[in-house]
Amino acid sequence: METLRVLVGTTEGLQELGATERRALEGQEITALARDRDGWWALVGGRTLCRAAGDAAWLDVATVAGAEATCLVATPAGLLVGTAGAHLLRLDDGALVSIEAFERIEGRAAW
């Protein structure tokens, strides 16, 4: 049975609650969190995408260029990152790339 692990992102870092209580990414604003089957993703300050697999340390994975990132979602097709201004990025081989089909979707100009 998997141990309950709750992560809480705050303006001052990440707080882990459960069987083990600890802090990570201290002094940094956690903008968003997402979980996939292998671990956790964190968006730090709207600019840095970090990853922790299992109980491993948090590692920087990619930097968000352009508009500030606001949300994350782990999907079977990979990690998606939403940004201000209604843009969508996908993590692809360690880089965040724009999903061009989302940029060209009908009616987008009216958003």
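Everything that follows concerns the structure shown earlier in this document.
I tried to follow the pairing of strand E6 (residues 48-53) on my own but got confused; where do I start?
Remark: a regular strand shows side chains that alternate across the two faces of the sheet. Sheet topology note: the strand E5 (residues 39-44)/E6 ladder contains six bridges and is antiparallel. Bridge pairing in E6 places Val-44 opposite Thr-48. Bridge count for E6 against strand E7 (residues 59-63) is four bridges, and the pairing is antiparallel. When the bridges of E7 are listed, Leu-49 appears paired with Ala-62. With antiparallel pairing between neighbouring strands as the criterion, E6 and E7 make up a hairpin whose turn holds five residues, including Gly-54 at a positive phi of roughly 60 degrees.

Got a minute to help me understand the environment of His-87 in this structure?
Residue placement: His-87 occurs in strand E10 (residues 87-92). Separated by 58 residues in sequence, His-87 and Glu-29 place their C-alpha atoms 21 Å apart. Only 3.3 Å separates the side chain of His-87 from the backbone oxygen of Gly-85, close enough to count as a polar contact.

Rules used throughout
- Residues numbered from 1 in each chain as written.
- Predicted model: local features only at pLDDT ≥ 70, side-chain atom pairs only at ≥ 80, totals over all residues.
- Heavy atoms only, no water.
- Pairing = 2+ DSSP bridges.
- Helix = DSSP H or I, 4+ residues; strand = E, 2+ residues; numbered from the N terminus.
- Polar contact = N/O pair within 3.5 Å; in protein donor to acceptor, adjacent residues only side chain to side chain.

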